[in-house]
Amino acid sequence: MTPIWLGQLMTGAKSFGDNPILGSRRLNELGLHAGRVALAHKLATWRRARLAHLISDADRRDFERDGFVIKRNLLAPDAFEALVAQVKAYRGPVRETVQGDALTRRIALDRTVLGRIPAARDLLRMPAWRGLVRYVGSADAEPVVYLQTILSHVVEGAQPDPQLALHADTFHPSVKAWLFLTDVPEDDGPFVYVPGSHRASERRLAWERRISVGIHDQDRLTRRGSFRVDAAVLEELGLPPPRACAVPANTLVVADTFGFHARGASAHPSLRVEVWAYGRRSPFLPWVGLDPWRIPALGNRRAGWFWSAGDAIEASGGPLNVWRLRAEASAFDPLIDVPQFPVHHLRFPWR
């Protein structure tokens, strides 16, 4: 496996436990992990400079200052009403998974679904959407896009939702975007972000190096490359408290998820619906394009292929596909029932 482990050093591979080279205490003392972080950010800065024409100067300044951009009233009122109405009318296959006491439901916006929700297709073609997702993600490539529903406090007796903990998704710049189809009040699970935490500052690099050196003493998700933080770490890094993005429906939020972020706590059972996208390209490519996923015909099929591959691996005796298929539902349906997982999924604590 050594040639494969070495090759992964120049990809987005992030799990210290799955690759003993990435997890080597000696190599990380010499700066392996911190060096990957620094190089990935230099290349992302270079690519973003070539994509800056896609967004306004005001959006660029907001992003450089905070690490995220908020755009209220993204769609004209009639366009937004049409989008919500078409999403509510759509019923079809969905995937659901459980994390802690929350259920996440997703509908992949592939060609079939976009044909039935043309307002979503129009959204994905909008320059305001396309430009921000590409600039923040530092790549001229199609993100993976879903209709996503978050149902909070619906699984009884479960542990708290792990998404409530502040974390970075990975070691390099990456993008997530939310166009909220429902209002998101302060006490209803808003997106939370630590302003300025998207920068690979000297303090951040020193902290990343220290965590990587002692990685095997960290929690499971940090060992898998999604570093968790608390208020003490933010103070150590000279960062402000997290900011909750409590926003009305028809608001777009686009964020670099190298920055520390989380799902805010919900004070009661709630339902949140959004158009949700993420892009995580290989961080060490110097060019902005030349990515097969930038072709909509391919990019729009990625989610379905990913789920189908997970089903095939499970059917062949491999790890469980935690995204369980439900034959028919709507993004706006309340909890139908909790997805049932085969007993053997307990053998895979990475879930």
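Anything mentioned here points back to the structure above.
Owing to the predicted nature of the structure, the values given are computational and were not obtained by experimental measurement.

## Regarding the nonpolar core
Okay, so step 1: Formed by 42 residues in total, the largest nonpolar core has its most connected members in Leu83, Leu109, Trp129, Leu179, Leu181 and Val275.
Okay, so step 2: In terms of residue count, the dominant contributor to this core is helix H8 (residues 127-137) (5 residues).
Okay, so step 3: Residues in contact with Leu181, not counting those within four places in the same chain, are Phe80, Leu83, Val84, Val87, Ala249, Val273, Glu274, Val275 and Phe332.
Okay, so step 4: Core analysis: the second largest hydrophobic core is formed by 19 residues, Trp178, Val184, Phe191 and Val253 among them.

## Observations regarding the side chain of Ser174
Okay, so step 1: Here Ser174 lies in the loop between strand E4 (144-152) and strand E5 (175-180).
Okay, so step 2: A polar contact of 2.8 Å, which involves the side chain of Ser174, links it to the side chain of Thr257.
Okay, so step 3: If near-sequence neighbours (up to four positions away) are discounted, Ser174 is found in contact with Ala255, Asp256, Thr257, Phe258, Gly279 and Arg280.

## Side note on the side chain of Glu96
Okay, so step 1: Along the chain, the position of Glu96 falls in strand E2 (residues 92-99).
Okay, so step 2: For Glu96, a relative accessible area of 3% translates into the label buried.
Okay, so step 3: Here the side chain of Glu96 touches Arg326 through a polar contact of 2.8 Å, side chain to side chain.
Okay, so step 4: The contacts of Glu96, once residues within four sequence positions are left out, are Leu103, Thr104, Arg105, Val322, Trp323, Arg324, Arg326, Asp337 and Pro339.

## With respect to the sheet that holds strand E7 (residues 243-245)
Okay, so step 1: Strand order in the open sheet formed by 3 strands is E7-E6-E9, and the pairing between neighbours is antiparallel. Each of the sheet's edge strands pairs with one partner strand only, and the pair in question is E7 and strand E9 (261-263). Neighbouring strand axes in the sheet, compared pairwise and without regard to direction, differ in orientation by 25° on average.
Okay, so step 2: In the sheet, strand E6 (residues 191-193) pairs with E7 via 3 bridges, with the strands oriented antiparallel. Within the sheet, the bridge partner assigned to Phe191 lies in E7 and is Cys245.

The rules behind the values
Residues numbered from 1 in each chain as written. Predicted model: local features only at pLDDT ≥ 70, side-chain atom pairs only at ≥ 80, totals over all residues. Heavy atoms only, no water. Core = buried A, V, L, I, M, F, W, Y, C linked by side-chain atoms within 4.5 Å. Buried < 20%, exposed > 50% of the residue type's maximum accessible area, 1.4 Å probe, protein only. Helix = DSSP H or I, 4+ residues; strand = E, 2+ residues; numbered from the N terminus. Contact = heavy atoms within 4.5 Å. Polar contact = N/O pair within 3.5 Å; in protein donor to acceptor, adjacent residues only side chain to side chain. Pairing = 2+ DSSP bridges. Axes fitted to C-alpha atoms, helices over the stretch in contact; angles between N-to-C directions.

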